[in-house]
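Notes for the structure review
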Amino acid sequence: MIVRYLFSMPDGNKIAAGDILDKPLHSQDGENGCLLRFRDYFSMVSKFFQSRKKVLLSLSNETSVGIGQDEFKHLDIISERTGNFYQIARCVFRGGRDNLEFCASTSRRRKRLLLQDFSNLCRLYRDHGLTFLPKPYLTGTIARDNGENARCKIGIAVNEWLDGYWEWHLTDDSHAEAWIPGQGRIPINRGQLSVLFYNMARNIALSFNPGNCSHIWLWSNCAGDFVLSLPEKVDAPVKLTTVRYYGNPWPLLPASGNRQAMLAALLYFFLDVCMVIRIDRISGTGRYLFACQDLLACAVKGFLSGINKILDDRGSEIPGPREFLLFIQEMQPDEFRVVYDHIISVHIDLLRDDAPFMKGHVKQQARELSQVIGDLHLPIT
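Before going into details, it helps to say that this report is about the structure given with it. It should be emphasised that the depicted structure is a prediction, and the values quoted were computed from it without experimental measurement. (Residues numbered from 1 in each chain as written. Predicted model: local features only at pLDDT ≥ 70, side-chain atom pairs only at ≥ 80, totals over all residues. Heavy atoms only, no water.)

1. Digging into the packing of helix α6 (residues 259-276) against helix α9 (residues 333-349)
Contact geometry of α6 with α9 gives a least axis separation of 10 Å together with a crossing angle of 75°. As far as their axial angle goes, α9 and α6 are roughly perpendicular. Within the contact between the two elements, α6 uses Leu267, Tyr268, Leu271, Asp272, Cys274, Met275 and Val276 and α9 uses Phe336, Val339, Tyr340, His342, Ile343, Ile344 and His347. When its residues are assigned to classes, the contact of α6 with α9 shows 11 nonpolar, two polar and one charged. (Axes fitted to C-alpha atoms, helices over the stretch in contact; angles between N-to-C directions. Helix = DSSP H or I, 4+ residues; strand = E, 2+ residues; numbered from the N terminus. Parallel < 35°, antiparallel > 145°, perpendicular 65-115°, else oblique. Contact = heavy atoms within 4.5 Å. Nonpolar A, V, L, I, M, F, W, Y, C, P; charged D, E, K, R; others polar.)

Structure below.
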């Protein structure tokens, strides 16, 4: 099998040069005295995928028909980005009739987080049918070699690669761009951006479990967690690439209970989404910025639409949009600020980088959210 090592760049995939391959990975801690270079990383990923090719082809053939193992003569390992916790890579088996693509996230010092992500994806995609998430395939570990360096291991989680979806970031408080390999940075028009915020909030809301008040949490636009497709029409479908946390993260709230407890859990969830969804870094790497109030209004409508969908699916287990909207419309900005103090304290305890930025925008958020909610009327569309 012919194997190539590449890096994803805005103008296309580039063959990894020797001097780059000799550089150390950014996300490592020298555990057990083992330091990995990009060359080691690529080699270990290649070894992992080649040894499991038959399993991966079988899993993929659940949705792709007629692809045989003997058709795959090439393997491209494409490094998409290097994060604080793990590498994101795309492995492409190139055959005569089709391509197979997989996402390989590798980690040494944060294997627990990697496995937690994968477990959450399995639960939400397979058990709850949340198809805005990538399909999880398998996990495993692989050692650097069989000798003295065998203690150097990486964990790998293989998920469906979200083909046709791209990372995006705000360029100011009301404009954004998508990062499309081979095309560069493509502006997102205002209609698509409005629908993007609506769809992100709606999808997150769909993760709410009325039985125990669990939901997806700890996602970030700054990290490129949501990716979008840009068709010619304006629907701007989105996918969430990872689920770092799924549960009820608010220590002041019960995991389940009566209808008032459910309203309180929804309130915390709603307020957190409405704050986090507004935060990004300019072009993904610059200073923090706060999305404008119009985009906040789109997110609020999207969240309530998601709650309405859960109501249709689960009956009276969850307060409907009308009951929840009336509940939050009775609240004053100062009451929102009190709840935000509790929410942000949780983010601070977890050392979230943008928590201080959140804290500095609580007063603006509470005021603008109150204005958006006050202008809403049902039905939400």
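2. Quick notes on helix α2 (residues 38-51)
Its 14 residues place the ends of α2 20 Å apart at the C-alpha level, agreeing with the 20 Å of an ideal helix rising 1.5 Å per residue. All of the buried residues along α2 are Phe38, Asp40, Tyr41, Phe42, Met44, Val45, Ser46, Phe48 and Phe49. (Expected span 1.5 Å × (residues − 1). Buried < 20%, exposed > 50% of the residue type's maximum accessible area, 1.4 Å probe, protein only.)

3. Focus: unusual backbone geometry
When glycine is set aside, most residues are seen to have a negative phi, and most peptide bonds are trans. One non-glycine residue, cysteine 213, lies in positive phi territory at about 60°. Tracing the sequence through the fold places cysteine 213 in the loop between α5 (190-206) and β11 (215-217). The exposure class of cysteine 213 is buried, given its relative accessible area of 2%. Of note, the phi angle at leucine 218 is positive, near 70°, even though the residue is not glycine.

4. Topic: the pattern of salt bridges
If you walk through the whole model with that rule in mind, you get 12 salt bridges. Between glutamate 368 and arginine 278 there is a salt bridge, and its shortest N-O distance comes to 2.7 Å. Taken together, the residues glutamate 368 in helix α11 (residues 362-374) and arginine 278 in the loop between α6 and β15 (279-281) connect sequence positions 90 residues apart. Members of the salt-bridge network, linked through shared partners, are Asp22, Arg37, Arg39, Asp40 and Arg144. (Salt bridge = Lys/Arg side-chain N within 4 Å of Asp/Glu carboxyl O.)

5. Let's talk about the environment of aspartate 173
Topologically, aspartate 173 is positioned in the loop between β8 (166-172) and β9 (175-180). For the pair aspartate 173 and arginine 278, spaced 105 residues apart in sequence, the C-alpha to C-alpha distance is 8.6 Å. Setting aside chain neighbours within four positions, we find aspartate 173 in contact with Phe290, Ala291, Cys292 and Leu295. Polar contacts involving the side chain of aspartate 173 include one to the side chain of serine 174, which spans 3.4 Å. (Polar contact = N/O pair within 3.5 Å; in protein donor to acceptor, adjacent residues only side chain to side chain.)

6. Description of the sheet that holds strand β12 (residues 226-228)
Across a sheet, paired strands are connected by hydrogen bonds in the backbone, their directions being either parallel or antiparallel. The antiparallel open sheet is built from five strands, whose spatial order is β10-β9-β8-β12-β13. Sheet topology places β10 (184-188) and β13 (238-240) at the edges, where each strand pairs with a single neighbour. Each adjacent strand pair in this sheet contributes to an overall mean axis angle of 45°, direction not counted. The pairing of β8 with β12 spans two bridges and is classified as antiparallel. For glutamate 167, the partnering residue across the bridge sits in β12 and is valine 227. Seen against the sheet, α5 touches β8, β9, β10, β12 and β13 and runs at an angle of roughly 40° to β13. (Pairing = 2+ DSSP bridges.)

Read these as spatial facts, not as claims about activity.
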